[in-house]
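Coordinate inspection notes
Listed below, chain by chain, are the residues.
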Amino acid sequence: VLLVESGGGLVQPGGSLRLSCGASGFTFSTYRMTWYRQAPGKEREFVAGISSGGSTSYTNRVEGRFTISRDNGKSTVDLQMNSLKPEDTAVYYCRVLINIPYWGQGTQVTVSS
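Everything numeric in this text was worked out from a predicted model, so none of it was measured.

Another point: the environment of T76. Along the chain, T76 falls in strand β8 (residues 76–81). We classify T76 as buried; its relative accessible area is 18%. Considering only alpha carbons, one finds T76 and G22, 54 residues apart in sequence, at a separation of 4.6 Å. The residues contacting T76, other than those within four sequence positions of it, are S20, C21, G22, F28, S69, R70 and D71.

Our next topic: the sheet that holds strand β7 (residues 66–71). Within the open sheet, the four strands sit side by side as β1-β3-β8-β7. Their pairing is antiparallel. Edge positions in the open sheet fall to β1 (2–6) and β7, since each of these has one partner strand only. Going across the sheet, the axis of each strand differs from the next one's by a mean of 15°, ignoring polarity. Looking at chain direction, β7 and β8 are connected through six bridges and run antiparallel. Note that in β8 the partner of S69 across the bridge is D78.

What follows is about the pairing of strand β10 (residues 100–103). In this sheet, β10 lies alongside strand β9 (residues 90–98) in antiparallel orientation, the contact comprising four bridges. Each bridged residue has a counterpart across the sheet, and for L97 the counterpart in β10 is P101.

With the rule as written, the count across this model stands at five salt bridges. R37 is the partner of E45 in a salt bridge, and the nearest nitrogen-oxygen pair spans 2.7 Å. The class for R37 is buried, based on a relative accessible area of 5%. Across the salt bridge formed by R37 and D88, the nearest N and O atoms sit 2.9 Å from each other. Placement of R37 in strand β4 (residues 33–38) and of D88 in the loop between β8 and β9 is noted, with a sequence separation of 51 residues between them. Bridged by salt links that share partners, the residues R37, E45, R61, R65 and D88 form one connected network.

Evaluated as defined, the whole model comprises five aromatic pairs. Ring geometry for F26 versus F28: centroids 6.2 Å apart, planes at 45°, classification tilted. Aromatic ring contacts, followed pair by pair, group Y36, F46, Y93 and W103 into a single cluster. Note that R70 overlies the ring of F28, its terminal NZ or CZ placed 4.5 Å from the centroid.

Moving on, we get to the state of the cysteines. Within the structure shown, the criterion is met by one disulfide. Each disulfide pairs two cysteine sulfurs, and for C21 the partner residue is C94, the sulfurs being separated by 2.2 Å. Linking C21 and C94, the disulfide has an S-S dihedral of approximately -80° and is accordingly described as left-handed. With C21 in strand β3 (residues 17–24) and C94 in strand β9, the pair connects residues that are 73 residues apart, well separated along the chain. For C94, a relative accessible area of 0% puts it in the buried group.

What counts, and where the lines are drawn
Residue numbers restart at each chain and count upward from 1, following the sequence in its written direction. Where local features are concerned, this predicted model is filtered to residues with pLDDT of at least 70; where side-chain atom pairs are given and counted, the filter is 80 or more; whole-chain, interface and lining totals use all residues. Remark: hydrogens and water are excluded; side-chain values derive from all non-hydrogen atoms of the structure. A run of DSSP states H or I qualifies as a helix once it reaches four residues; a run of E qualifies as a strand once it reaches two. Both are numbered from the N-terminal end. The buried label applies to any residue whose accessible area, calculated with a 1.4 Å probe on protein chains only, is under 20% of its type's maximum; exposed applies above 50%, and partly exposed to all values in between. By the convention used here, residues are in contact when the closest approach between their heavy atoms is within 4.5 Å. Pairs of strands are assigned from DSSP output, requiring at least two bridges between the strands. Lines fitted to C-alpha atoms define the axes, with helix axes restricted to the stretch in contact, and inter-axis angles between N-to-C directions lie between 0 and 180 degrees. Put simply, a salt bridge is a Lys or Arg side-chain nitrogen that is within 4 Å of an Asp or Glu carboxyl oxygen. Side-chain rings of Phe, Tyr and Trp, where Trp is taken by its six-membered ring, are said to pair if the distance between their centres is within 6.5 Å; with planes under 30 degrees apart they count as stacked, over 60 as edge-to-face, and otherwise as tilted. Any Lys NZ or Arg CZ that is within 6 Å of a ring centre and within 35 degrees of that ring's normal is treated as a charge sitting over the ring. For this text, the term disulfide refers to a pair of cysteine sulfurs within 2.5 Å.

Structure (structure tokens):
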């Protein structure tokens with residue numbers, strides 16, 4: 001299993017970023033995919049998830065601002081992040097649970113003026 005995140009960077013408050021996670025080594029279309037984040041000094045937390053059938057869920061902290069989507073043909077899961085706030089600053093990780101959790105290496109998102 002290999003998960004590779006991309007798309008992080010520095011953005012001003014109120015701005016947008018789109019993260020992408022490329023997956024390989026498993027049958028992507030049959031697994032729920034999730035995004036987590038970890039801010040400095042804090043525990044890793046759930047951000048958003050999407051089932052194999054396309055049902056989505058979000059933490060209240062990002063509901064209405066972030067959108068998770070998947071492309072089973074390309075084996076990718078994206079996270080569109082709008083109206084970003086400084087408190088969204090974190091390393092963002094892609095995750096899949098196949099008996100055990102597999103994580104990507106993470107991508108840094110920094111929201112600052």
